[in-house]
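# Observations on chain architecture
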Amino acid sequence: GDESWEPRGYPVQFYSLGTEGAGIPVRATVTSFGPILLSKVLELNATQESTLGLIFHWADQRGLALLDLKDLSEVIRHLTSDEGKADLQSIGGVSGATAGVILRALVNLEHAGGDTFFGEPEFETEDLLRFVDGQGVISLFELGDRATQPALFSTFLMWLLADLFQALPEVGDLEKPKLVFVFDEAHLLFTDASKAFLRQVEQTVKLIRSKGVGIIFCTQLPSDVPRPVLSQLGARIQHAVRAFTPEDRDALDKIVRTYPATDAYDLGEALTALGTGEAV
């Protein structure tokens, strides 16, 4: 069209994952996280997951607030101590050994930076959908040194997506989404990620579209995104790929294979010949 582009400013809110950084720290309580999601993060088996559920239930009955990981660790320490044996038996079917395994997994998550994410005040996910003076707010999440702690990042993301998923109504295929997530450096999301996390992302990408949420992954190579997730994406924009080394050549062949086959042009050739500002 003939319309000239007009730059516009939008309201922006900065958040930070963890305590450092310029943004508002993002936190969630252990209670709101719940035993099922926490089990996924801790990579517990079915027996351990049901045990964690019973421990949550016991704490709830006693009116004990589980705000951070230390609260939950204290509860488990009590149940596995000599004084807590009667309480442990009152839960029924919970072995001290299983509770001990969960406790060790919690301590590991704490060391991986999880203690900075769990606690109060809790982040309200609906804030991501708010408007200021009729304009949508752009929310920027700063990872800082948390980018090197996949456990914390995936914990936060699992909770955020699950919370949004529960809160948002089904709206079908909207003309334009209510909210769009942009994951820059998307390979950080999937490197060393747990199977539970990958399943959660795959499921969310598949189902959250009907809630009016879009997801965009930005990465150097499409092979950085797992195949089940890649197959769910509706559109792809691929910039130039240069093949200088045998490794580059392999990467290019893989990229070509992730596209539908076409006789209209040679995709491998097209991707290496793209100029600045051009994309397939």
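What you see is a predicted model; the values in this text were computed from it and never measured.

Cut-offs used in this document
- Residues numbered from 1 in each chain as written.
- Predicted model: local features only at pLDDT ≥ 70, side-chain atom pairs only at ≥ 80, totals over all residues.
- Heavy atoms only, no water.
- Core = buried A, V, L, I, M, F, W, Y, C linked by side-chain atoms within 4.5 Å.
- Buried < 20%, exposed > 50% of the residue type's maximum accessible area, 1.4 Å probe, protein only.
- Contact = heavy atoms within 4.5 Å.
- Helix = DSSP H or I, 4+ residues; strand = E, 2+ residues; numbered from the N terminus.
- Pairing = 2+ DSSP bridges.
- Phe/Tyr/Trp six-rings, centres within 6.5 Å; stacked < 30°, edge-to-face > 60°.
- Lys NZ or Arg CZ within 6 Å of the ring centre and 35° of its normal.
- Axes fitted to C-alpha atoms, helices over the stretch in contact; angles between N-to-C directions.
- Parallel < 35°, antiparallel > 145°, perpendicular 65-115°, else oblique.
- Nonpolar A, V, L, I, M, F, W, Y, C, P; charged D, E, K, R; others polar.

### Focus on the nonpolar core
Core analysis: the biggest nonpolar cluster contains 62 residues, and Leu38, Leu72, Phe117, Phe181 and Phe217 have the highest contact counts within it. When near neighbours in sequence (up to four residues on either side) are disregarded, phenylalanine 117 contacts Leu17, Val26, Arg27, Ala28, Phe33, Leu152, Thr155, Phe156 and Trp159.

### Focus on the environment of proline 25
Here proline 25 is to be found in strand S2 (residues 24-25). Among the residues examined, proline 25 registers a relative accessible area of 32% and is labelled partly exposed.

### Things to note about the pairing of strand S1 (residues 12-16)
For S1 and strand S5 (residues 138-142), the ladder comprises five bridges, and the chain directions are parallel. When the sheet's bridge partners are listed, valine 12 is paired in S5 with isoleucine 138. Bridging between S1 and S2 involves two bridges; their strand directions are parallel. In the strand pairing of S2, serine 16 is matched with proline 25.

### Examining the packing of aromatic side chains
With the rule as written, the count across this model stands at 13 aromatic pairs. Between tyrosine 15 and phenylalanine 123, the aromatic rings sit 5.0 Å apart at their centres with planes inclined by 75°, giving edge-to-face as the arrangement. Separated by 108 residues along the polypeptide, tyrosine 15 in strand S1 and phenylalanine 123 in the loop between helix H5 (96-111) and strand S3 (131-132) bring together distant segments of the chain. Ring geometry for phenylalanine 141 versus phenylalanine 156: centroids 5.3 Å apart, planes at 45°, classification tilted. Placement of phenylalanine 141 in strand S5 and of phenylalanine 156 in helix H6 (residues 150-167) is noted, with a sequence separation of 15 residues between them. On the basis of relative accessible area, phenylalanine 156 is assigned to the buried category, the value being 3%. Joined through ring pairs, the aromatic side chains of Tyr15, Phe33, Phe117, Phe118, Phe123, Phe141, Phe156 and Trp159 make up one cluster. In this structure, lysine 211 is placed above the aromatic ring of phenylalanine 165, and the distance from its NZ or CZ to the ring centre is 4.5 Å. The ring of tyrosine 259 has arginine 236 lying over it, and the distance from NZ or CZ to the ring centre is 4.1 Å.

### Observations concerning the side chain of glutamate 110
Inspection of the secondary structure assignment puts glutamate 110 in helix H5. When sequence neighbours within four positions are dropped, the list of residues in contact with glutamate 110 reads Leu69, Lys70, Ser73 and Asp115.

### Description of the packing of helix H2 (residues 46-61) against H5
Where H2 contacts H5, the two axes come as close as 10 Å, and the packing angle between them is 90°. Considering the angle they form, H2 stands roughly perpendicular to H5. Together, Gln48, Thr51, Leu52 and Ile55 of H2 and Thr98, Val101 and Ile102 of H5 make up the contact between the two elements. Tallied by class, the residues present in the contact of H2 with H5 amount to four nonpolar, three polar and no charged.

It is worth stressing that arrangement in space is one thing and function is another; only the former is reported here.
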